[in-house]
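Each chain, written out:
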Amino acid sequence: MSASAPTLIPAGTVFTAEEITDWADRGRRTLEEALTEADLLVSAPHAGAAIPAELAPYLAPELTKRLQHDFTDCTTAAIVRRWAQIDPRVVAVINPHPRMVRDPNRAKPADVVATLREALDRVAAAGRWQRVDLSGVDAIRPVTFSFFPILDVPGDADGLTRLCEDFARVAEQGLGVYERTRDALLDRMLERASDNGGRVTTLSFHDTMNTTTTPEGAVVVARDPKDRLPAVVALSNRGDAEGESRGDDDRPTMAPARLRALAEAHRRGFEVAAADDVLLNQPYLGSQEIVAARARFADFHAAHPGSGVVTDAVQAEFLREFLLGERATAQIQRPGTDWPAAAPEQVDRVAQACKRAWADFRSGS
């Protein structure tokens, strides 16, 4: 296989919960022991980049490793894993499948075939490499963020149905394991906290670049200003720019005062150059993972009135250029088909800053 070819997961690979879960001192502590100390569950829903080989027949022939990886948050995988290794207050779960299988940070469609068909119709109407609004139908995206057609979708109804069936079947080998593991870990943390009135927070960890790709693979096309991230991270709780309710039923997933305190802790922990390097709910409000966690917390509190457990769900969307570092960013800004390997020093630097920020938050709240 050439260096530019998409990275594939061998056919038949079925991931286990243990393979996709990380915590500190795994050689000395069991997961149960880690959960006793942890108060933060970090999930990385878009961290997987390698594509299950069973789905290779559906890939567009022009898909390269560069385009494949750019359509993921793969930079987050090494950082989240390293953070969990150095911070005993963290348990992390990392999705091994890419978002093209199905996006776990979107609501699962009731009718996958109809939803994908609508997405395909919108893409066809817009034209190849043309901007298209896939709001509400992007659980399985047929195009990347630069609107490159990642899937070579069968044109007939039976072929489309087969594609959806194959995607759903393969998803259970990795994505499904991730979703079940994430939810089970959160439930176990809640039950443990209910005994002592502790704190449980779940963090959905992401990255996004402020540029998208050209057809030649250079990640240099500027996003619209309204879609651009701050220089370090956007923290989201479904609220406004202060973390407060936006005045509808979509209530904040993390208490506004705690979100503001978390933002201040990130400004100190990451030693930002300006306060606006960390923003709240800009440009993203946060998506399905924190919305689902909010509902899970509500059920828990209804079943455990007066438990005293403090529950929060927050999304962190880091600027990918910041996570990658200057050298790797410069590499993917040039035309090409490759993707830079994670630099251990850069990974550790960001992971240590995450640990500092959350330790600072705990100490102040």
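*Asks:* Looking at this structure, I do not really get the sheet that holds strand S11 (residues 310-319). What am I missing?
*Replies:* Backbone-to-backbone hydrogen bonds pair the strands of a sheet. The strands run either parallel or antiparallel. The 7 strands lie next to each other as S2-S5-S3-S6-S11-S9-S10, forming an open sheet whose pairing is mixed. In this open sheet, the two edge strands, each paired with only one partner strand, are strand S2 (21-23) and strand S10 (278-280). In this sheet, neighbouring strand axes are inclined to one another by 20° on average, regardless of whether the strands run parallel or antiparallel. In terms of strand pairing, strand S9 (residues 233-236) meets S10 through 3 bridges, oriented parallel. Its bridge partner lying in S10, leucine 235 is registered against leucine 280. Most of the contacts of helix H6 (residues 175-194) go to strand S3 (residues 40-44), to which it runs at about 170°, and overall it touches S2, S3, strand S5 (90-94), strand S6 (199-208) and S11. Along the sheet, helix H8 (residues 288-303) makes contact with S3, S6, S9 and S11, crossing S11 at roughly 170°.

*Asks:* Sorry, what's going on with the packing of aromatic side chains here?
*Replies:* Applying the stated criterion across every chain yields a total of 7 aromatic pairs. Each residue in the set Trp83, Phe205, Phe270, Phe318 and Phe322 is aromatic and connected to the rest through ring pairs, giving one cluster. The residue whose ring lies beneath arginine 26 is tryptophan 23, and the NZ or CZ to ring-centre distance is 4.1 Å. Over the aromatic face of phenylalanine 71 sits the side chain of arginine 99, whose NZ or CZ is 5.4 Å from the ring centroid.

*Asks:* Any chance you could explain the packing of H6 against H8 here in plain terms?
*Replies:* Describing two packed helices takes the angle between their axes plus the distance from one axis to the other. Here H6 crosses H8 at 35°, and the two axes come no closer than 11 Å. Where H6 crosses over H8, the handedness of that crossing is right-handed. Two secondary-structure elements touch here, H6 through Tyr178, Arg182, Asp183, Leu186, Asp187, Leu190, Glu191 and Ser194 and H8 through Glu289, Ala293, Arg296, Phe297 and Phe300. Across the contact of H6 with H8, the residue classes tally to 6 nonpolar, 1 polar and 6 charged.

*Asks:* It is not clear to me how unusual backbone geometry should be interpreted in this structure. Could you clarify?
*Replies:* Most peptide bonds take the trans configuration, and most residues that are not glycine carry a negative phi. A cis geometry characterises the amide bond from glutamine 282 onward to proline 283, with omega recorded as 5°. By the secondary structure assignment, proline 283 is in the loop between S10 and H8. The phi dihedral of arginine 238 is positive, around 70°, even though this residue is not glycine. Position of arginine 238 relative to the elements: it lies in the loop between S9 and helix H7 (256-269).

*Asks:* What is the right way to look at empty space enclosed by the protein in this model?
*Replies:* Scanning all chains against the criterion turns up 2 cavities of 30 Å³ or more. Put simply, the largest cavity is a space of about 40 Å³. Lining the largest cavity are Pro109, Val112, Thr115, Leu116, Val137, Ala139 and Ile140. Considering only residue class, the lining of the largest cavity consists of 6 nonpolar, 1 polar and no charged.

*Asks:* Can you walk me through helix H4 (residues 112-126) in this structure?
*Replies:* For an α-helix the count is 3.6 residues per turn, leaving residues at separations of three or four pointing the same way. Here H4 contains 15 residues, and its C-alpha end-to-end distance of 21 Å stays within 8% of the 21 Å for a straight helix at 1.5 Å per residue. For H4, every residue scored as buried is listed here: Thr115, Leu116, Ala119 and Val123. Mapping the buried residues of H4 onto a view down its axis gives an arc of 95°, with all of them on the same face. For H4, the exposed residues lying more than 90 degrees away from the buried face are Ala124 and Ala125. On its buried side, H4 packs onto helix H5 (157-171). Its side-chain oxygen placed 3.2 Å from the backbone nitrogen of valine 113, aspartate 111 serves as the N-cap of H4. Looking one or two residues beyond H4, the residue adopting positive phi is glycine 127, at roughly 100°.

*Asks:* Quick question: what am I supposed to make of the pairing of S9 here?
*Replies:* A regular strand places its side chains on the two faces of the sheet in alternate fashion. Residues Val233 and Leu235 line one face of S9 and the alternating positions Ala234 and Ser236 line the opposite face, and both faces are buried. Crossover handedness for the path S9 to H7 to S10: right-handed.

*Asks:* I'm lost on the packing of helix H3 (residues 75-86) against helix H11 (residues 344-364) in this one. Help?
*Replies:* At a minimum axis separation of 8 Å, H3 and H11 run at an interaxial angle of 55°. Classified by the angle between their axes, H3 and H11 sit oblique to one another. Seen from above, H3 lies across H11 with right-handed handedness. Along its contact with H3, which presents Ala78, Ile79, Arg82, Trp83 and Ile86, the element H11 presents Val347, Asp348, Val350, Ala351, Gln352, Cys354, Lys355 and Trp358. Its residues placed into classes, the contact of H3 with H11 shows 9 nonpolar, 1 polar and 3 charged.

*Asks:* Honestly, H7 in this entry has me stumped. Any pointers?
*Replies:* Helix length check: H7, at 14 residues, gives a terminal C-alpha distance of 20 Å against a target of 20 Å (1.5 Å per residue), a fit within 8%. The set of residues buried in H7 consists of Pro256, Leu259, Leu262, Ala263, Ala265, His266, Arg267 and Gly269. Looking at the buried side of H7, the elements it contacts are S9, S10, S11 and H11. Just beyond H7, the residue with positive phi is glutamate 271, at close to 50°.

*Asks:* Honestly, the pairing of S3 in this entry has me stumped. Any pointers?
*Replies:* With 5 of its 5 residues buried, S3 lies for the most part within the structure. Side-chain alternation along S3 places Leu40, Val42 and Ala44 on one buried face and Leu41 and Ser43 on a second face that is also buried. Across 5 bridges, the pairing between S3 and S5 is parallel. In the sheet register, leucine 41 faces S5, and the bridge partner there is valine 91. Of the strand pairs in this sheet, S3 and S6 are connected by 4 bridges, and their pairing is parallel. Bridge pairing in S6 links leucine 40 to threonine 201.

Calculation rules
- Residues numbered from 1 in each chain as written.
- Predicted model: local features only at pLDDT ≥ 70, side-chain atom pairs only at ≥ 80, totals over all residues.
- Heavy atoms only, no water.
- Pairing = 2+ DSSP bridges.
- Helix = DSSP H or I, 4+ residues; strand = E, 2+ residues; numbered from the N terminus.
- Axes fitted to C-alpha atoms, helices over the stretch in contact; angles between N-to-C directions.
- Contact = heavy atoms within 4.5 Å.
- Phe/Tyr/Trp six-rings, centres within 6.5 Å; stacked < 30°, edge-to-face > 60°.
- Lys NZ or Arg CZ within 6 Å of the ring centre and 35° of its normal.
- Left-handed = near helix turned anticlockwise from the far one by under 90°.
- Nonpolar A, V, L, I, M, F, W, Y, C, P; charged D, E, K, R; others polar.
- 1 Å grid on protein atoms, 1.4 Å probe; cavity = no way out; pocket = protein on both sides within 12 Å on 5 of 7 lines; lining within 4 Å.
- Points joined across faces, edges and corners; volume = space filled by probe spheres on them.
- Expected span 1.5 Å × (residues − 1).
- Buried < 20%, exposed > 50% of the residue type's maximum accessible area, 1.4 Å probe, protein only.
- Arc of directions from axis to C-beta.
- Polar contact = N/O pair within 3.5 Å; in protein donor to acceptor, adjacent residues only side chain to side chain.
- Right-handed = clockwise from strand over helix to strand, strands pointing away.
- Parallel < 35°, antiparallel > 145°, perpendicular 65-115°, else oblique.

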